[in-house]
Amino acid sequence: MHPYEDIPLNLAGYALAAWLILSHLWMLVKSDEAMVFLKKFPRNQVAGAILMTIGMAWFWLLVSPFKSPIAMDLGEFNGAKRILLVAVPVVAYLMITGVKEFLAVRGLGVVALMAAAPLLAAAFMEPATGKLLVPIFAYGMLTVGLFCVGMPYLLRDAITWAIASPGRFKALAFGGLAYGVAVLVCSILWW
């Protein structure tokens, strides 16, 4: 049994709600600062290096042939673990040093792909009311993560669209805040 399967739904809900509420409150309270940050984010090399390192290290721990707390069985591909032991850090280094365009977006995509698995595992086979809030968000993260890695300019375009109007930006931030509050309420009442 993988450690992700031991994560209770309410804990996953509290973590997701905290992230959504705090990030979207910041976007509402400090709208101008948030819009400036988001506009610069896709080409932020420091954020890109940090996010790519976190995402690739997380992936490396999943596929590591050594005793990792979150290592997973790859079935027929367990023989590839020795190759991945070296290949993942090399690819991470090459990405961080060689890819200058949209590294932050690509790094965010890798982290989103890694973070969706614990959320999905926590909600799997749970009969709780409102539990679909977690997998819906996780599948959204998977979809966005794939696009961020493969077509990072789309996130830049989405950010440009979102910050084009302060009213639109606040409406989107309020929507994210409302989703976070809904997850928090479900975590407290039913999960």
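Overview of the structure. Just so we're clear, the structure is a prediction, and the values are computed from it rather than from any experiment.

### Considering the overall build of the protein chain
No. 1: Of the regular secondary structure elements, the protein chain holds eight helices and zero strands.
No. 2: Going from N to C terminus, the protein chain has its helices and strands arranged as α-α-α-α-α-α-α-α.
No. 3: Whereas a compact globule of 191 residues would reach a radius of gyration of roughly 16 Å, the protein chain reaches 18 Å, a difference of no more than 12%.
No. 4: Principal axes of the C-alpha set define a box for the protein chain whose edges measure 55 × 45 × 20 Å.
No. 5: Within the protein chain, the fraction of its 191 residues that count as buried is 38%.
No. 6: The contacts of the protein chain with a sequence gap of at least 6 include a subset with a gap of at least 24, amounting to 75%.
No. 7: Within the structure as shown, the protein chain displays about 10800 Å² of accessible surface, and the carbon and sulfur contribution to it stands at 75%.
No. 8: Put simply, the protein chain has 13 plus and 9 minus side-chain charges, and the middle of one group is 10 Å from the middle of the other.

### Description of unusual backbone geometry
No. 1: In this structure, F102 takes a positive phi of about 60° despite not being glycine.
No. 2: Residue position: F102 is located in the loop between helix 4 (81-98) and helix 5 (103-123).

### Structural notes on the packing of helix 7 (residues 153-163) against helix 8 (residues 166-189)
No. 1: Helix 8 packs onto helix 7 with a crossing angle of 110° between their chain directions and a minimal axis gap of 6 Å. With respect to helix 8, the axis of helix 7 lies roughly perpendicular. Together, W161, A162 and I163 of helix 7 and R168, F169 and L172 of helix 8 make up the contact between the two elements.
No. 2: Split by residue class, the contact of helix 7 with helix 8 holds five nonpolar, no polar and one charged.

### Focus: helix 7
No. 1: Within helix 7, burial applies to L155, I159, A162 and I163. Along the axis of helix 7, the buried positions cluster into a sector of 85°, meaning they face one direction only.

### A closer look at the nonpolar core
No. 1: Ranked by internal contacts, the top residues of the largest apolar core, which has 22 residues, are L16, L119, V134, M141 and W191.
No. 2: Among the secondary structure elements, those contributing two or more residues to this core are helix 1 (9-29), helix 5, helix 6 (133-150) and helix 8.
No. 3: Excluding its chain neighbours within four sequence positions, the residues that come into contact with L119 are A12, L16, V134, F137, A138 and M141.
No. 4: Core analysis: the next-biggest nonpolar cluster, separate from the first, contains twelve residues, M27, L38, F169 and A173 among them.

### Details of the pattern of salt bridges
Two side chains that carry opposite charge are able to pair once their charged atoms sit near each other.
No. 1: Evaluated as defined, the whole model comprises two salt bridges.
No. 2: When the shortest N-O distance is used, the salt bridge between E101 and R43 registers 2.5 Å. Remark: R43 occurs in the loop between helix 2 (31-40) and helix 3 (45-63) and E101 occurs in the loop between helix 4 and helix 5; sequence separation between them is 58 residues.
No. 3: Taking relative accessible area as the criterion, E101 reaches 43% and is therefore assigned partly exposed.
No. 4: Residue classification places R43 among the partly exposed residues on the basis of a relative accessible area of 45%.
No. 5: Residue R156 pairs with D157 through a salt bridge whose shortest N-O separation is 3.0 Å.

### Notes on the side chain of S187
No. 1: Among the secondary structure elements, S187 is positioned in helix 8.
No. 2: Not counting the four nearest positions on each side in its chain, S187 is found in contact with N10, G13 and Y14.

### A look at helix 2
No. 1: Inspection of helix 2 places S31, A34, M35 and L38 among the buried residues, and these make up the whole buried set. Here the buried residues of helix 2 occupy an arc of 100° about the axis, which is enough to place them on one side. With respect to the buried face of helix 2, the exposed residues turned more than 90 degrees away are D32 and K40.

Calculation notes
Residues numbered from 1 in each chain as written. Predicted model: local features only at pLDDT ≥ 70, side-chain atom pairs only at ≥ 80, totals over all residues. Heavy atoms only, no water. Helix = DSSP H or I, 4+ residues; strand = E, 2+ residues; numbered from the N terminus. Rg over C-alpha atoms; globule rule 2.2 N^0.38 Å. Buried < 20%, exposed > 50% of the residue type's maximum accessible area, 1.4 Å probe, protein only. Contact = heavy atoms within 4.5 Å. Areas by Shrake-Rupley, 256 points an atom, 1.4 Å probe, with all protein chains shown as cover. Lys, Arg positive; Asp, Glu negative; His and termini not counted. Charge placed at Lys NZ, Arg CZ, Asp CG, Glu CD. Axes fitted to C-alpha atoms, helices over the stretch in contact; angles between N-to-C directions. Parallel < 35°, antiparallel > 145°, perpendicular 65-115°, else oblique. Nonpolar A, V, L, I, M, F, W, Y, C, P; charged D, E, K, R; others polar. Arc of directions from axis to C-beta. Core = buried A, V, L, I, M, F, W, Y, C linked by side-chain atoms within 4.5 Å. Salt bridge = Lys/Arg side-chain N within 4 Å of Asp/Glu carboxyl O.

Bear in mind that shape data such as this cannot, by itself, settle questions of function.
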